[in-house]
Amino acid sequence: MKKAIGVYVCHCGTNIASTVDCESLVLFSKTLPGVRIARDYRYLCSDPGQDLIKKDIKEFSLEGIVIAACSPRMHEITFRNLLKTAGLNPYCLNIANIREQCSWVHLNKGEATEKAKQLLRAAVARVLRQKALETKKVEIKPSILIVGAGIAGIQAALTLASEGARVILVEKAPYIGGHMAQLDKTFPTLDCASCIFTPKTVEVARDEHIELHVLSEVVGVKGYVGNFKVSIKKNPTYVDVSRCTGCGDCMEACVLKKGALSEFEEGMVARKAIYIAFPQAVPLKAVIDPKSCLFLSLGKCKKSCVEACKAQAIDFEQKEEMIEREVGAIIIATGYDLFDPHLLPQYGYGVYDNVLTNLQFERLLSPSGPTRGEILLKDGSSPKAIAFLHCIGSRDENANPYCSRVCCMVSMKQAHLAKEKTGAEIYEFYIDINAFGKGYQEFYKRVREEGIFFIRGKGSEVFKREGRLVVSAEDTLLGIPMEVSVDMVVLGAGLTARHDAEKVAQVFGINQSSDRFFMEAHPKLRPVATPVEGIFLAGCCQGPKDIPDTVAQASAAAAEAISLVRKGEIEVEPITSWIDPELCSGCKLCVEICPTSAIQFNELKRISSVNEVLCKGCGACAAICPSKAARQNHFTQDQILSEVEELAG
Amino acid sequence: MKIDPKTFVKDYNLLVCIQCGTCTGGCPVKFRSPLNMRRLVRQTHFASDPSLFKKPEWWACTTCSTCSLRCPAGVKNVELILGVRNYLANQGEVPSTIREALENTLLHGNPWGRFRDRRIDWAKDLDIKILGEETAEILFFVGCAPSYDPRVQNISISLVKIFSMAGLDFGILGKKESCCGNEIRRMGEQALFRKLLRDNTNLIKKIGVKRIITISPHCYNAFKNEYPELTIPVYHYTQVLVDLIETGKIEMRNGSETPVTYQDPCFLGKQNGVFEEPRKILSSLPGVTFTEMERSRERSLCCEGGGGRMWTEGFTEGIRNAEIRVREANRLGAKVLATSCPFCLLTLEDAVKTSGLSDQIVVKDIAELVADSL
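All figures in this text were calculated on a predicted structure; none of them were measured in a lab.

Trainee: Tell me about the overall build of chain A, and name the residues and values.
Mentor: Each helix and strand in chain A was counted, giving 18 helices and 34 strands. Seen along its three principal axes, the alpha-carbon backbone of chain A occupies a region of about 95 × 70 × 40 Å. In the form shown here, chain A has an accessible surface area of approximately 29100 Å², with 53% of it arising from carbon and sulfur atoms.

This is how it looks when you write it as structure tokens:
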């Protein structure tokens, strides 16, 4: 006696019904083996549609359901839940995709209907062989990992900590704060960035819920939502943090004459080999850069730093350390890299001293920067004229096609501050002003009123003539080419994905979109999630953003993460593989191919076995197993072959 | 072939233009002619009036391609210029000097209308293989100016001297050599270009060489980028000389203390990315101190010799770029303004004379400098 099957054909309004003859599909279904009842309906996913199926399951004692409708990606979960509430095992469901794979891609109604019949016949054959599967529940680890401690990571960490969640915050740099720590004032309100930000960085260091690891990287992630096991590589700082008082005596003593370019100051000044990046750095501890340290790179130095350190904190013996943590959720907040203007050589960046990036100019503006907030040319004099060039590396087919969103406002904020501080003549060379945020357009108007010259034309090149920099462009509104002499050029460099974004994506198993930023699960409805359950995104690692948007996304990521871990337990898909111990020959091919390291080899019994909790059900082991010992629940050979036979037949 | 200007919008990707003016801002003749690339793109976009194409500035463009290379939107600016010129050529509306150059090329295989029989006069005292009669590994494609122009012939002779000394197995096409067509295409005669393309491709394939070396960056550009069926590797001679110097096949011994600067030919540098090789050669010349001009490499200023401008007059006014360059080189203290392109050599040398700087600076091709140092 065959199982009793119910077949339901969805019209999806006219999406399916206009190309597939649903009525004839119903008649056809009734001829198929095992089918007890077949119906069509306008929208099966609607409440009345679902009620119809539910009623039938009871009335006809159905044991398997075939839904001919849209892609299982859309509504498989909906209908599985329906089966569950109707008392049927949710895995006794099969969906024939007659929308994306049939009605949407065909024009001829007759042919489309024939194809739909085949798909339906195969689905019925398969559902007859499907078995009830039981979901397992596993506990969720309560800690949350945050990767990157810029404004996004810090905001997420503090939000989580205030909820009492345990946070592991990993930062690659020796200090936290990321790019925001480098900023002087923020647009459009001109708040002092460090005044609003330093309290947050200090709070991160103080909050006992937050375990902070600087100079560290996440190098490995195993497991799955609720149960990630992460490996963190802690690079040596060569300074014992428990002893270092942050006094800075070591920096004074370091004998490295030329020094190394300060990363924090965007290469505009040198730092010593042992250094504290900036006075408000958190943690306020010295670190040694092994590349520039004479002792660590060449083995030769009189070690004046050791002598100078009263706390005896310097430890050249420190080694790289690997630590492991178990977390329930992960927030990735790795930020952005500034576009490198060397890639557009027409702007003379790297050729001329006074051609700067916007981030370098930000350091000039900053009271803690290399000029203590004075806008000075390399020779120490004041600029009489400054040009700001928009869209450098953004909206450019030769660099990045996207708009970096923040640079227009950055340029205008910097123009305003430059005007205020120097009274210089200021030119903004722009294509369009993208002032999209709250108070942004008003700021644009204000800057115009201040007498800054807006020239509607993109800077084409920068060269030097008679000692001054010349910006070549066209005033497109007048239609005349022009060459403007200035003393300083500030390039409105765009935001790009981190240079190592691909590596990070691989570590976490997430994807990048074509712009190389990390890809969200859905561009509109799930902008914080990734396709990997339990991994969330915050800030510029997902795409260029200003600070308000970054903070909003970080708070959202924190909310998603905590609502996940607070569930306490999570259901694990039973579509996993298993290995028949009677058939396993112990060849270990499956162990090698398994992408989630879910298969262990038992040396004693000389056979492999699957950890069902780690298994993602990809089926690679089942495909590669030469002795057919590895099998995949819900995708057994019997099920797949029956489906293929009906499709081919 | 009938050309309909209405298809230009699609053919040259004009719809994506955001009118940012990067093209006009970087144009080397922006102050020397009414040529405004941005405006022409927009006007063509909305072309309703055929008189648009009668504007003389369509002929001012040197096809240096700075505009196309920098365009953030991917508009094919220079191709639009060539499309319009092709349209005009089909209508018979080209400037008379251009028409002569095109007819000459059709009849004699070179734009100056010199006799084909005299194409290898420059080589009569040299022992060079003629391919087709003899075989060789390398085709040394001489080109029109280096074959006929008495000043430029010295580059050809210099290179033969260098190649022979290095023991390269090379030959020339002799009287069968015809114009590569690079400037022909840029003067708008696409049909003639296609003929040259076909003839040259067949000829070169038949003689069975493994490599091609060109003198002119214009020939280099044509063979490398515009001869789709020519799959033999093509080198500009500077690329070859670097290799000969680095492998010790030639040894440069002679030289006196000379400050030298360099003009990047647009078709070599900007358009084909060959920036390093000429500089490496100049820096390794005995006695030479090499200094860069302010505008170099991707920011180099076009000499205005390309795109058919060798055969036009009167579409620009004011001080020539070549003069600006020569004066800049002179201010820099350079005694030699080096280049690696026949057209640059001619325009710059002319500018030295018109600027009255003949006693202060000379223009030399890199090949000449190397040959002199051997």
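Trainee: Account for the overall build of chain B, naming residues and giving values.
Mentor: Within chain B one finds 16 helices and nine strands. A compact globule built from 374 residues would reach a C-alpha radius of gyration of about 21 Å, and chain B, at 20 Å, matches this within 12%. Here chain B holds 374 residues, and 61% of them are scored as buried. A total of about 14900 Å² of accessible surface is found on chain B, and carbon and sulfur atoms cover 50% of it. Counting 50 positive and 44 negative side-chain charges, chain B places the averaged centre of each group 5 Å from the other.

Trainee: Which residues make up the layout of surface pockets, and what are the values?
Mentor: Any space left empty among the atoms is revealed by the rolling of a water-sized probe across them. Residue and element names in this part refer to chain A. Its volume calculated, the second largest pocket comes out at about 2000 Å³. Considering the residues around the second largest pocket, the lining is formed by 46 residues, among which Ile-77, Arg-80, Pro-531, Glu-533 and Glu-573 are closest to the centre. Contributions of two or more residues to the lining of the second largest pocket are made by α3 (72-85), α15 (547-565) and β30 (569-572). With 10 residues, the single largest contributor to the lining of the second largest pocket is α3. The class makeup of the residues in the lining of the second largest pocket is 23 nonpolar, 11 polar and 12 charged.

Trainee: Mind laying out the sheet that holds strand β3 (residues 170-172) of chain B, listing which residues take part and the relevant values?
Mentor: The pairing of strands in a sheet comes from backbone hydrogen bonds and takes either a parallel or an antiparallel form. All names here are of chain B. Sheet architecture is open: five strands sit in the order β1-β3-β2-β4-β5, paired in parallel fashion. In this open sheet, the two strands that pair with only one neighbour each are β1 (129-130) and β5 (234-236). Where β1 and β3 come together, two bridges link them in parallel fashion. From the neighbouring strand, Ile-130 faces β3, where its bridge partner is Ile-172.

Trainee: A description of empty space enclosed by the protein should follow, citing residues and the corresponding values.
Mentor: Under the criterion given, the structure shown has 10 cavities of 30 Å³ or more. One number sums up the size of the largest cavity: a volume of about 140 Å³. Within the residue set of the lining of the largest cavity, elements represented by two or more residues are α7 (144-148), α9 (182-186) and α11 (217-226) of chain B. Per-class residue counts for the lining of the largest cavity are 11 nonpolar, three polar and one charged. As a volume, the second largest cavity reaches approximately 120 Å³. Of all elements in the fold, only α9 (294-298) and α10 (304-308) of chain A reach the threshold of two or more residues within the lining of the second largest cavity.

Trainee: Describe the confidence of the model for chain B, and please don't skip the residues or the numbers.
Mentor: Looking at chain B as a whole, the pLDDT averages 96, with 99% of positions reaching at least 70. Scored as a complex, the prediction yields pTM 0.87 and ipTM 0.93.

Trainee: Describe in detail the packing of aromatic side chains, supporting the description with residues and values.
Mentor: Tallying each qualifying case throughout the model produces 25 aromatic pairs over all chains. Residues Phe-264 of chain A and Phe-278 of chain A carry aromatic rings whose centres are separated by 4.0 Å and whose planes lie at 10° to one another, so their mutual orientation is stacked. One end of the pair, Phe-264 of chain A, is in the loop between β13 (260-261) and β14 (270-271); the other, Phe-278 of chain A, is in the loop between β15 (274-275) and β16 (287-288), and 14 residues separate them in sequence. For the pair formed by Phe-264 of chain A and Phe-278 of chain A, the shared burial category is buried. When the centroid spacing of 6.1 Å and the interplanar angle of 80° are considered together, the rings of Phe-140 of chain B and Phe-170 of chain B count as edge-to-face. With Phe-140 of chain B in strand β2 (residues 138-141) and Phe-170 of chain B in strand β3, this residue pair connects regions lying 30 residues apart in the sequence.

Trainee: Summarise the interface of chain B and chain A; cite the residues concerned and give the values.
Mentor: With 23 residues of chain B at the interface, the matching set in chain A holds 28 residues. Buried surface at the junction of chain B and chain A, summed over both partners, amounts to about 2000 Å²; 46% is from carbon and sulfur atoms. Three residues stand out in chain B for area buried against chain A, namely Arg-70, Pro-72 and Arg-299 of chain B, and they jointly supply 28% of the buried area on that side. One can count four salt bridges joining chain B with chain A. In this structure, Glu-461 of chain A and Arg-295 of chain B form a salt bridge, with 2.3 Å as the shortest nitrogen-oxygen distance. There are 23 residue pairs in polar contact (both at pLDDT 80 or more) connecting chain B and chain A.

Trainee: Let's hear about unusual backbone geometry: which residues, and what values?
Mentor: All names here are of chain A. For the bond running from Phe-187 to Pro-188, omega is -10°, close enough to zero to count as cis. Take Pro-188: it is sitting in the loop between β8 (185-186) and β9 (191-192). Cis geometry is adopted by the peptide bond preceding Pro-283, which originates at Val-282 and carries an omega value of -5°. On the secondary structure map, Pro-283 appears in the loop between β15 and β16.

Trainee: I'd like to hear about the pattern of salt bridges, residue by residue, with values.
Mentor: All names here are of chain B. For the structure shown, the criterion picks out 58 salt bridges over all chains. A salt bridge links Arg-309 to Glu-304, with the nearest nitrogen and oxygen atoms 2.7 Å apart. For the pair Arg-309 and Glu-304, one class covers both residues: buried. Counted as one network, the salt bridges with shared partners bring together Glu-79, Arg-185, Arg-186 and Glu-226.

Trainee: Explain the state of the cysteines to me, and be specific about the residues and the numbers.
Mentor: Scanning all chains against the criterion turns up one disulfide over all chains. As a non-bridged cysteine, Cys-407 of chain A has Cys-403 of chain A as the owner of its nearest cysteine sulfur, 6.4 Å distant. By relative accessible area, which is 8% here, Cys-407 of chain A ends up buried. With no disulfide of its own, Cys-61 of chain B lies closest to Cys-67 of chain B among cysteine sulfurs, the gap being 6.1 Å.

Reading guide: rules and limits
Residues numbered from 1 in each chain as written. Chains lettered and ligands numbered in written order. Predicted model: local features only at pLDDT ≥ 70, side-chain atom pairs only at ≥ 80, totals over all residues. Heavy atoms only, no water. Helix = DSSP H or I, 4+ residues; strand = E, 2+ residues; numbered from the N terminus. Areas by Shrake-Rupley, 256 points an atom, 1.4 Å probe, with all protein chains shown as cover. Rg over C-alpha atoms; globule rule 2.2 N^0.38 Å. Buried < 20%, exposed > 50% of the residue type's maximum accessible area, 1.4 Å probe, protein only. Lys, Arg positive; Asp, Glu negative; His and termini not counted. Charge placed at Lys NZ, Arg CZ, Asp CG, Glu CD. 1 Å grid on protein atoms, 1.4 Å probe; cavity = no way out; pocket = protein on both sides within 12 Å on 5 of 7 lines; lining within 4 Å. Points joined across faces, edges and corners; volume = space filled by probe spheres on them. Nonpolar A, V, L, I, M, F, W, Y, C, P; charged D, E, K, R; others polar. Pairing = 2+ DSSP bridges. pLDDT = per-residue confidence, 0-100. Phe/Tyr/Trp six-rings, centres within 6.5 Å; stacked < 30°, edge-to-face > 60°. Contact = heavy atoms within 4.5 Å. Buried area = accessible area lost by both parts, 1.4 Å probe. Salt bridge = Lys/Arg side-chain N within 4 Å of Asp/Glu carboxyl O. Polar contact = N/O pair within 3.5 Å; in protein donor to acceptor, adjacent residues only side chain to side chain. Disulfide = S-S within 2.5 Å.

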